[in-house]
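# What the coordinates show
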Amino acid sequence: MQVVKHEPYHASPVGKFLLEKALESTTIGHFVFWHMKSEMHLPDVRERYGILLSSYLMLCGPMRSTLKSQNSAQQAFVSVAEDIKLVKGAEERLKVLRSRLHDVILPSSFSLPLNPRVVCGNLKVEKCKYMDSKKLPLWLVINNADPVGKPVYIIFKAGDDLRQDMLTLQMMRIMDKLWKRNHLDLCMNVYDCVSTGNEIGMIEVVMNAETTSGIMKGAGGVAANFREDPIANWLKDCNPTEEEYKKAVDLKNV
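Residues numbered from 1 in each chain as written. Predicted model: local features only at pLDDT ≥ 70, side-chain atom pairs only at ≥ 80, totals over all residues. Heavy atoms only, no water.

With that settled, the discussion passes to the environment of Thr26. By the element assignment, Thr26 lies in helix α3 (residues 26–37). With 36 residues separating them in the primary sequence, Thr26 and Pro62 have C-alpha atoms 9.8 Å apart. (Helix = DSSP H or I, 4+ residues; strand = E, 2+ residues; numbered from the N terminus.)

Right, let's get into the packing of helix α4 (residues 43–59) against helix α5 (residues 63–84). Running from amino to carboxyl end, α4 crosses α5 at an angle of 120°, the nearest separation of the two axes being 8 Å. Judged on the interaxial angle alone, α5 and α4 are oblique. Between α4 and α5, the contacting residues are Tyr56, Leu57 and Met58 on the first element and Met63, Arg64 and Leu67 on the second. Its residues assigned to classes, the contact of α4 with α5 comprises five nonpolar, no polar and one charged. (Axes fitted to C-alpha atoms, helices over the stretch in contact; angles between N-to-C directions. Parallel < 35°, antiparallel > 145°, perpendicular 65-115°, else oblique. Contact = heavy atoms within 4.5 Å. Nonpolar A, V, L, I, M, F, W, Y, C, P; charged D, E, K, R; others polar.)

Once that is clear, we can look at a nonpolar patch on the surface. On the surface, Leu167, Met171, Ile174, Met175 and Leu178 cluster together into a nonpolar patch covering about 410 Å² of accessible area. Along the chain, Leu167 turns up in helix α7 (residues 163–181). (Patch = residues over 30% accessible without salt bridge, like charges linked within 9 Å, V, L, I, M, F, W, Y side chains within 5 Å. Areas by Shrake-Rupley, 256 points an atom, 1.4 Å probe, with all protein chains shown as cover. Salt bridge = Lys/Arg side-chain N within 4 Å of Asp/Glu carboxyl O.)

Over its 12 residues, α3 extends 16 Å from the first C-alpha to the last, a length consistent with the 16 Å expected when each residue adds 1.5 Å. Turning to α3, its buried residues number three or more, namely Gly29, His30, Val32, Phe33, Trp34 and Met36. Buried residues along α3 sit against α2 (13–24), α4, α5, β1 (110–112), β2 (115–123) and β6 (193–197). (Expected span 1.5 Å × (residues − 1). Buried < 20%, exposed > 50% of the residue type's maximum accessible area, 1.4 Å probe, protein only.)

Turning to the nonpolar core, a few remarks are in order. As a rule of thumb, soluble globular proteins bury nonpolar side chains together. Residues Leu101, Leu112, Leu138 and Phe156 are the most contacted members of the largest nonpolar core, which totals 30 residues. For this core, the elements supplying multiple residues, two or more each, are α5, α6 (90–103), β1, β2, β4 (138–144), β5 (152–158) and β7 (200–204). For this core, the element with the most residues is α5, which contributes seven residues. Among all residues touching Leu112, those that are not within four sequence positions of it are His30, Gln70, Val118, Cys120, Ile142, Val152, Ile154 and Met202. Ranked by size, the runner-up nonpolar core spans 16 residues in total, among them Phe33, Tyr49, Leu53 and Tyr56. (Core = buried A, V, L, I, M, F, W, Y, C linked by side-chain atoms within 4.5 Å.)

As a further point, take the pairing of β6. Both faces of the sheet carry side chains from a regular strand, because those side chains alternate between them. The buried fraction of β6 is high, at five of five residues. Of the strand pairs in this sheet, β6 and β7 are connected by four bridges, and their pairing is antiparallel. By the bridge assignment, Cys193 is partnered in β7 with Ile203. From the end of β6 to the start of β7, which pair antiparallel, there are two residues, and Glu199 there has a positive phi angle of about 60°. (Pairing = 2+ DSSP bridges.)

Bringing the packing of aromatic side chains into the picture now. Inspection of the entire model under this criterion finds three aromatic pairs. Ring centres of Phe33 and Trp34 lie 5.1 Å apart, and the angle between their planes is 90°; on these two criteria the pair is classed as edge-to-face. There is no split in this pair, since Phe33 and Trp34 are both buried. Ring geometry for Phe77 and Phe156: centres 5.7 Å apart, planes at 65°, overall edge-to-face. Taken together, the residues span a long stretch of sequence, with Phe77 in helix α5 and Phe156 in strand β5 at a distance of 79 residues. Residue Phe77 is classed as buried on the basis of its relative accessible area of 0%. One residue, Arg93, lies across the ring of Tyr130, its end atom 5.4 Å from the ring centre. (Phe/Tyr/Trp six-rings, centres within 6.5 Å; stacked < 30°, edge-to-face > 60°. Lys NZ or Arg CZ within 6 Å of the ring centre and 35° of its normal.)

Spelled out as structure tokens, the structure:
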């Protein structure tokens, strides 16, 4: 996608190749659409991306209705996220959030820009909340359209640019492949993240996880060296065998 920006003309071999691949695979088409849409606010690429997106939407057939449903859901979430920022007080804000989510009209079934393979149903409003960070991201819980599937947990952000997060996670996936190719499995499970607009996006929730801040606070702060580091102790507690601990330590030092 980034290469297309630097082509001298709108009609280029790279743009044609990207469009062909997007039309051949719904998964590729899904991410081509959202990656381009997320930068449509930038004057330098707006016209070029607009031409490519218009061409794709004219030719993608049933995929067009899928993307429309995803976009409708996103717009509803953006509206709710902006509304709760105007409310003062934690209890009142949570009350407004859940009231607004009850009124949200979502497609009967839809996939998320975050992961097109998972089909969602209705919101589990009583499980939804907002997070206490500055931009008040939404913690959303959505029923899986598959009766035996697990609920879908996402963090929806309106006010944060997630493109840097996406780049960092992409580099981690590349490094994981290189390590495994050299017989070093660090047991990484990189979570999903997608930017879908100007400072709008979604992040996969990692369940049963601890933040670095939480580990440090629980241990009373940062120690002078790694062997006395709270993170080292936490890794040792979570990885009882010496081999597992060494792998975890290697990962921390990456």
